[in-house]
Amino acid sequence: MKTDFKVYSRKIHVWVRQNSNVPDSEHTKGLDYLWSTNAYRTCREAVQAAKQWKPDFSYVANFAKD
């Protein structure tokens, strides 16, 4: 069975920003771990995929160093 799904060698961690309704709250600066993936070539592509899943949140992605 042939698919067009590609697995890349570099793993990407995706994080979601903590949102708080309290102005100047320390909780707005934190990140919560969401998932790791190697299905995307760039961090930007991983963030775009996460935004399709839940568009109301803000995401951060970076290449894994582990």
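Residues numbered from 1 in each chain as written. Predicted model: local features only at pLDDT ≥ 70, side-chain atom pairs only at ≥ 80, totals over all residues. Heavy atoms only, no water.

Participant: Explain the pattern of salt bridges here, please?
Facilitator: Pairing between side chains becomes possible if they bear opposite charge and their charged atoms approach one another. Under the counting rule described, the total for this entry stands at 1 salt bridge. Taking the shortest distance from any N to any O, the salt bridge between Arg41 and Glu45 comes out at 3.6 Å. Its relative accessible area of 52% is what places Arg41 among the exposed residues. (Salt bridge = Lys/Arg side-chain N within 4 Å of Asp/Glu carboxyl O. Buried < 20%, exposed > 50% of the residue type's maximum accessible area, 1.4 Å probe, protein only.)

Participant: Which parts of the structure should I look at to understand the nonpolar core?
Facilitator: Generally speaking, soluble globular proteins have nonpolar side chains that are buried together. Within the largest apolar cluster, 9 residues are counted, these being Ile12, Val14, Val16, Cys43, Ala46, Val47, Ala50, Tyr59 and Ala61. Secondary-structure elements contributing two or more residues to this core are β1 (12-17), α1 (43-53) and β3 (59-63). In terms of residues, this core owes the most to one element, α1, which gives 4 residues. What Ala50 contacts, discounting residues up to four positions off in sequence, is Val14, Trp35 and Tyr59. (Core = buried A, V, L, I, M, F, W, Y, C linked by side-chain atoms within 4.5 Å. Helix = DSSP H or I, 4+ residues; strand = E, 2+ residues; numbered from the N terminus. Contact = heavy atoms within 4.5 Å.)

Participant: Just checking my understanding: could you explain the sheet that holds strand β2 (residues 31-37) for this structure?
Facilitator: The pairing of strands in a sheet comes from backbone hydrogen bonds and takes either a parallel or an antiparallel form. Strand order in the open sheet formed by 3 strands is β2-β1-β3, with antiparallel pairing between adjacent strands. Pairing within the sheet leaves two strands with one partner each, and these edge strands are β2 and β3. On average, each strand axis in the sheet is tilted by 25° relative to the strand beside it, whichever way the strands run. Across 5 bridges, the pairing between β1 and β3 is antiparallel. Across the sheet, the residue bridging to Trp15 is Val60, located in β3. Sheet strands touched by α1: β1, β2 and β3. Its angle to β3, the strand with the most contacts, is close to 150°. (Pairing = 2+ DSSP bridges. Axes fitted to C-alpha atoms, helices over the stretch in contact; angles between N-to-C directions.)

Keep in mind these values describe shape, not function.
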